[in-house]
Amino acid sequence: MAQKVYDAIVVGSGATGGWAAKELTARGLEVLVLEAGRKVRPEEEYNMVAWPYEMPFRGFGNRAELERTQPIQSRNYACNEYSRKWFVNDLENPYTTPPDRPFYWIRGRHTGGRSLQWGRQSYRLSNFDFKAKSLDGYGDDWPFTYEELIPYYERVEEFVGISGREEKLPQLPDSVFLPPMNFTCGEWKLRQAVDRMRDKWRRVTIGRVAILTRPIHQGTPDARAACHYCGNCERGCDTNSYYASISSTLPAATRTRKMTLLPNAVASHIVMDKRTGRARGVHYVDGVTRAHREVFGKVVLLCAGTLESTRILLNSAPVEGGTEGLCNSSGALGHYLMDHAGGGGASGVLPGLTTEYQSQVGRANGIYIPRFRNLDRASKQAGFLRGYGFQGGANQPVQMAKGIPGFGADLKRKTREQHPWNINLGGFGECLARWENHVRIDRDVVDAWGIPALHIDMAFGDNERAMIEDMGNTAGEMLEAVGATEIRISQGPTSVPGILIHEVGTARMGSDPKTSVLNKFNQAWDVGNVFVTDGACYVSSANQNPTLTMMAITARACEYIAEEFKAGSF
Amino acid sequence: MIVKPRIRILIASLALLFPAASVAQRPALKPARRAKAPLQVASGLMTGNRIEVRRTDWIREGAPLFEYAIAGAAIVEGRLELTGTLREAGGQQTAAVRATMLSTTARSANPWPSAASATARERAPARNQPEGERNEQTQSLYSGATETGSGCELLYLKLTAPFQREPLQIGVVLAPRDNARGIEINQALCRVARAIKTGADLAEPLGRLNQLLSQKS
């Protein structure tokens, strides 16, 4: 029987894999999507309206079981009894680190990948990010400009639906917005107080988030309903009101009848044609039977997630000439791993607002303060390069009851009547791209499918530490400006790398094949029919949440692939 | 010995009933040459010097396989080799088995060490420290207390059980409570791992590890 050869094989069905499938099938290409995990059945598995008392462990989960099977994943705030099924078993999916250099690799293996439980915060990058080297001399510029990416940002935003408020800030360009979610009273006060500080770069805006504030694509098969504000996004959304590939891009690709989705296909490595030097397909292990299989395509797109895509490339060729992996003539594959640095910020109590309970339950969003450091001469910092943004909010969390003094009936009465306002800001700082932060294959440890595991070696440096100290100072001064009391500032040590789940880099784009893995269209310099369009392609981490940019880059790469198909390149 | 044919029958039956790609049109697949037989992977929970090993695969997830009690340690060909006694789950038979430490993963007990650290400065007296909702935006500010880890919180061991043909890779985590001795042994194992990595003198950390393992639990 003749082997079927697809136009494209997409590895991964998450945010970028879903976009690749949608873009390529819409342009007439026949696409096979390989997903390492199982098929999700939303109608049976989402549990967004379950109450804690309906859960055997009241929402916390079986701690002993979590500790035994998910010792890494369970450190993520969303890996609880409702949603631990969206996180991998760490011992089936191991990775290693040097002693004393922890890295948290948070993963989901199922159709939709991490788009099921992501934080949904969606921000554009600007030329302050894409051309950062030209501005401060550190690292490398991206091989394209913000202006080149605008059409693809717009395409993604119009389809996905991003709610937010127009601010006209050059360091955080506006998206194509749905109506913004509203500030709380405390957040309005903070916005006004920060405006009064007369720092032209500093602005409090509502979080820009891939949650629908009104229905979109009505009257079309892509229609999705507006959010009903239950606030339990990480459990899966029955109304498909936040962006997840499983409820938007993958169904769109399915409707073209050009996509085949194969779950339980654990990609191991790229299969090469030694005669032509091009990729022939992908070798995978059946996740259930553990049989080894190969599938074939004219183009291979790796959208498996930053570290998984790089792992596939590293596992695709033995160590040759001192370098490990496929597409690695530069030696850069696996290097320049980044994640945002956290650990700096401030929290406090906001007086002067009613302590009657104002229902704020369900707004799965907060506020955002974009980068305001190192943007011009006035904002230049001697202690560090680049900058950070803040996320946070002001509300009346039920957890505040823990701080109310007293006991007995009096405490119960106060708990019912007093709902003090909490205000908080947590920083997300850019991590500089450093060669020494890297991944390689651990030749001793394998996953449950016999595929060699990744060894991750990363630590934050002096620049991130200095930035985190500054985060504490600036967050504190903004809380003071709004009149907060009981202010507590955090200035490090830094968060553990990986825990912010914004890991990027390790197969970076560039203009020079001697120092980068991919060209400006995410095409491997060494193997022209291999593309990597997830976070692995990042040149610098910027400080904005990365998923929106990854999807825009994927859309751009897919347009290029389709044009090259027309030109007969594949 | 009796389990294996049953498992094979079960796998075959389930694979026929629930084919992996039943949701999709299965593409033309080419069976690939199996490069090498994959190791089976299992999870281990270490309490004191005893590791309770369980299945992780979907067939009988969580089912106990055996218990391995570590009794001694030595360096063999540059690797840490453990000696110990293996007892099959539900059985009485024991066997002396050697295990090799493959690698480790560091896991800070608190990924947000700033949240409750001594370096967090208070600008005003906070009699009742406010605490907010913990989510993606705020988890850095509202994490639990900092805990000190060993630096090698997950250990990967390889051993061949007498009732299995293929070696088994065991990912070992520490039992989190009432496990002072296990934590001490883990810290000693990690010191050996560090010494192997840096090429430092192994005599002292290895001696300390063996001293701990020789103590009665």
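Since the structure is predicted, the reported quantities are computational estimates derived from the model, not experimental observations. (Residues numbered from 1 in each chain as written. Chains lettered and ligands numbered in written order. Predicted model: local features only at pLDDT ≥ 70, side-chain atom pairs only at ≥ 80, totals over all residues.)

> Can you walk me through the overall build of chain B in this structure?
Counting secondary structure elements, chain B contains three helices and eight strands. N-terminal to C-terminal, the α/β element order of chain B is α-β-β-β-β-β-β-β-β-α-α. The 217 residues of chain B split such that 37% are buried. In chain B, the share of contacts with a sequence separation of at least 24, taken over all contacts with a separation of at least 6, comes to 54%. (Helix = DSSP H or I, 4+ residues; strand = E, 2+ residues; numbered from the N terminus. Buried ≥ 20, exposed ≤ 12 C-beta atoms within 10 Å, placed from the backbone. Contact = placed C-beta atoms within 7 Å.)

> I tried to follow the pairing of strand 2 (residues 31-34) of chain A on my own but got confused; where do I start?
A regular strand carries its side chains on alternate faces of the sheet. Residue and element names in this part refer to chain A. Burial along strand 2 is two-sided: the face carrying Val31 and Val33 and the face carrying Leu32 and Leu34 are both buried. In the sheet, strand 1 (residues 5-11) pairs with strand 2 via four bridges, with the strands oriented parallel. Bridge pairing in strand 2 links valine 10 to valine 33. The β-α-β motif built from strand 1, the intervening helix 1 (residues 15-26) and the parallel element strand 2 has right-handed crossover chirality. Of the strand pairs in this sheet, strand 2 and strand 7 (residues 259-262) are connected by four bridges, and their pairing is parallel. By the bridge assignment for strand 7, leucine 34 is matched with leucine 262. (Pairing = 2+ DSSP bridges. Right-handed = clockwise from strand over helix to strand, strands pointing away.)

> How should I be thinking about the packing of helix 1 of chain A against helix 12 (residues 547-566) of chain A in this particular structure?
Geometry of a packed helix pair, given as the angle between the helix axes and the separation of the axes. All names here are of chain A. Put simply, helix 1 and helix 12 touch, their axes get as near as 9 Å, and they point 30 degrees apart. With respect to helix 12, the element helix 1 is oriented roughly parallel. Of the two possible hands of crossing, helix 1 and helix 12 adopt the one that is right-handed. When helix 1 is examined against helix 12, the residues Ala15, Thr16, Trp19, Ala20, Glu23 and Leu24 are found in contact with a partner set consisting of Thr547, Met550, Met551, Thr554, Ala555, Cys558, Glu559, Ile561 and Ala562. A breakdown of the residues in the contact of helix 1 with helix 12 according to their chemical character gives ten nonpolar, three polar and two charged. (Axes fitted to C-alpha atoms, helices over the stretch in contact; angles between N-to-C directions. Parallel < 35°, antiparallel > 145°, perpendicular 65-115°, else oblique. Left-handed = near helix turned anticlockwise from the far one by under 90°. Nonpolar A, V, L, I, M, F, W, Y, C, P; charged D, E, K, R; others polar.)

> Help me understand helix 2 (residues 180-198) of chain B, please; the structure alone is not making it clear to me.
Side chains that are three or four residues apart share a direction in an α-helix, a result of its 3.6 residues per turn. All names here are of chain B. Between the first and last C-alpha of helix 2 there are 27 Å, a value that for 19 residues agrees with the 27 Å anticipated at 1.5 Å per step. Considered for burial, the residues of helix 2 that qualify are Gly182, Ile185, Asn186, Ala188, Leu189, Cys190, Arg191, Val192 and Ala193. Tucked inside the fold, the buried residues of helix 2 contact strand 2 (40-47), strand 5 (79-88), strand 6 (94-105), strand 7 (154-159), strand 8 (168-174) and helix 3 (203-214). (Expected span 1.5 Å × (residues − 1).)

> Help me understand the nonpolar core in this model?
Side chains of a nonpolar character, in soluble globular proteins, are inclined to be buried together. Residues and elements named next belong to chain A. Ranked by size, the top nonpolar core spans 200 residues in total, and within it Val11 and Val31 carry the most contacts. The element that contributes the greatest number of residues to this core is helix 12, accounting for nine residues. Setting aside its immediate chain neighbours within four residues, valine 31 contacts Tyr6, Asp7, Ala8, Val10, Ala21, Leu24, Thr25, Ala253, Lys258 and Met259. (Core = buried A, V, L, I, M, F, W, Y, C linked by C-beta atoms within 7 Å.)

> Please explain the environment of Leu66(A) as it appears in this structure.
Residues and elements named next belong to chain A. Residue placement: leucine 66 occurs in helix 3 (residues 63-69). Of the residues examined, leucine 66 has 21 C-beta atoms within 10 Å and is grouped as buried. Taking the C-alpha atoms as reference points, leucine 66 and proline 151, separated by 85 residues in sequence, lie 43 Å from one another. Not counting chain neighbours up to four residues away, the residues in contact with leucine 66 comprise Gly61, Ser74 and Arg84.

> Explanation requested: the sheet that holds strand 16 (residues 452-457) of chain A in the structure shown.
Within a sheet, neighbouring strands are paired by backbone hydrogen bonds and run either parallel or antiparallel to one another. Residue and element names in this part refer to chain A. Across the sheet, which stays open at both edges, the three strands sit in the order 3-16-15 with mixed pairing between neighbours. The two strands at the open ends of the sheet, each matched to only one other strand, are strand 3 (95-96) and strand 15 (438-446). With two bridges joining them, strand 3 and strand 16 adopt parallel strand pairing. Bridge pairing links threonine 96 to histidine 455 in strand 16. Against the sheet, helix 9 (residues 306-314) contacts strand 15 and strand 16, and its axis sits at roughly 65 degrees relative to strand 15.

> Would you mind going over the pairing of strand 13 (residues 388-395) of chain A with me for this structure?
Residue and element names in this part refer to chain A. Among the eight residues in strand 13, eight count as buried, and that is most of the element. Alternating residues of strand 13 divide into Tyr388, Phe390, Gly392 and Ala394 and Gly389, Gln391, Gly393 and Asn395, and every residue in both groups is buried. As paired elements, strand 12 (residues 367-369) and strand 13 share three bridges and run antiparallel to each other. Looking at strand 13, one finds that isoleucine 367 is bridged to glycine 392. Note: strand 13 against strand 14 (residues 421-429), eight bridges, orientation antiparallel.

> Help me understand unusual backbone geometry in this model?
All names here are of chain A. Each neighbour pair has its own omega, and for glycine 492 with proline 493 the value is 10 degrees, a cis peptide bond. Inspection of the secondary structure puts proline 493 in the loop between strand 17 (485-491) and strand 18 (530-532). At arginine 120, a position not held by glycine, the phi torsion is positive, near 70 degrees. Even without a glycine there, the phi angle at cysteine 327 is positive, about 65 degrees. Positionally, cysteine 327 belongs in the loop between helix 9 and strand 11 (344-350).

> Mind showing me how you'd approach the sheet that holds strand 11 of chain A here?
Residue and element names in this part refer to chain A. Pairing is antiparallel in the open sheet, where six strands are placed in the order 6-12-13-14-11-17. Every interior strand has two partners, whereas the edge strands, strand 6 (205-206) and strand 17, have only one. Most of the contacts of helix 7 (residues 185-196) go to strand 13, to which it runs at about 135 degrees, and overall it touches strand 11, strand 12, strand 13 and strand 14. Along the sheet, helix 11 (residues 462-481) contacts strand 11, strand 13, strand 14 and strand 17; its crossing angle with strand 11, the most-contacted strand, is approximately 15 degrees.

> What exactly am I supposed to notice about the environment of Ala433(A) here?
All names here are of chain A. Mapping alanine 433 onto the fold places it in the loop between strand 14 and strand 15. Sequence separation between alanine 433 and serine 541 is 108 residues, and the spatial gap between their C-alpha atoms is 7.4 Å. When near neighbours in sequence (up to four residues on either side) are disregarded, alanine 433 contacts Gly139, Tyr336, Met338, Gly505, Val539 and Ser540.

> Is there a simple way to explain the packing of helix 6 (residues 146-160) of chain A against helix 12 of chain A in this structure?
Residue and element names in this part refer to chain A. Two elements in contact, helix 6 and helix 12, have axes separated by 8 Å at closest approach and are oriented at 110 degrees. Put simply, helix 6 runs roughly perpendicular to helix 12. Seen from helix 6, the contacting residues are Leu149, Tyr152, Tyr153, Arg155 and Val156; seen from helix 12, they are Leu548, Met551, Ala552, Ala555 and Arg556.

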